[in-house]
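# Analysis of the macromolecular model
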Amino acid sequence: MGIEKTLSIIKPDGVRRNLVGKILSRFEEKNLRIVCTKMIHLSKSQAEGFYAIHSERPFFEELTTFMSSGPVVVSILEGENAVLHHREIMGATNPDDAEPGTIRGDFAESLGENTVHGSDSLENAIIECSYFFSETEIVNSTS
């Protein structure tokens, strides 16, 4: 364990429904620090690049079209065991399986529009964070 960084994305459905503040506050309330954040509108090619690992999956086209359909909020969160802790706060990918009190359990509209994305491993967190943020944008929250 230890202090880790992980990528968090509030997807277009969360931004559209004005849930950004509610979602970010849940991370802070659960001891994850926001070390950088910004709102962006991904192009289709940027979404395809980010989700390239899923390019052969049947949901790839739907996912990348959705992720480029409106603004998203990308953040790097930092904290103890941040990757796993963030995933616990988000809840199961399928909102039908997500516990009440998790972000997806409370806010997700469907499997395709499940409000948030989070890195699934420390290795992927490093790759995903660098996709959206340069080193100069990342603040050490404990300094």
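These remarks concern the structure in this document. This is a predicted model, so every value here is computed, not measured.

Reading the values: rules and limits
Residues numbered from 1 in each chain as written. Predicted model: local features only at pLDDT ≥ 70, side-chain atom pairs only at ≥ 80, totals over all residues. Heavy atoms only, no water. Disulfide = S-S within 2.5 Å. Buried < 20%, exposed > 50% of the residue type's maximum accessible area, 1.4 Å probe, protein only. Core = buried A, V, L, I, M, F, W, Y, C linked by side-chain atoms within 4.5 Å. Helix = DSSP H or I, 4+ residues; strand = E, 2+ residues; numbered from the N terminus. Contact = heavy atoms within 4.5 Å.

### Topic: the state of the cysteines
Evaluation of the coordinates by the stated rule reveals zero disulfides. Just so you know, cysteine 129 is unpaired, no disulfide at all, and the nearest cysteine sulfur is the one on cysteine 36, 7.1 Å from it. The exposure class assigned to cysteine 129 is buried, which follows from its relative accessible area of 7%.

### Side note on the nonpolar core
Soluble globular proteins tend to bury their nonpolar side chains together. Membership of the largest hydrophobic core comes to 18 residues, with the highest contact counts inside it found for Leu7, Ile9, Met67, Ile76, Phe132 and Phe133. Ranked by residues supplied to this core, first place goes to helix H4 (residues 60-67) with four residues. Non-local contacts of phenylalanine 132, meaning those with residues more than four positions away in its chain, are made with Leu7, Ile9, Lys38, Ile40, Leu42, Phe50, Val74 and Glu137. Ranked by size, the runner-up nonpolar core spans 16 residues in total, among them Leu77, Ala82, Ile103 and Phe107.

### Looking at unusual backbone geometry
Its identity as a non-glycine residue notwithstanding, asparagine 18 has a phi of 60°, on the positive side. With respect to the helices, strands and loops of the structure, asparagine 18 is situated in the loop between helix H1 (12-16) and helix H2 (20-29). Although it is not a glycine, asparagine 31 sits at a positive phi angle of roughly 70°. Here asparagine 31 lies in the loop between H2 and strand E2 (33-40). On the accessibility criterion, asparagine 31 (62% relative accessible area) is exposed.

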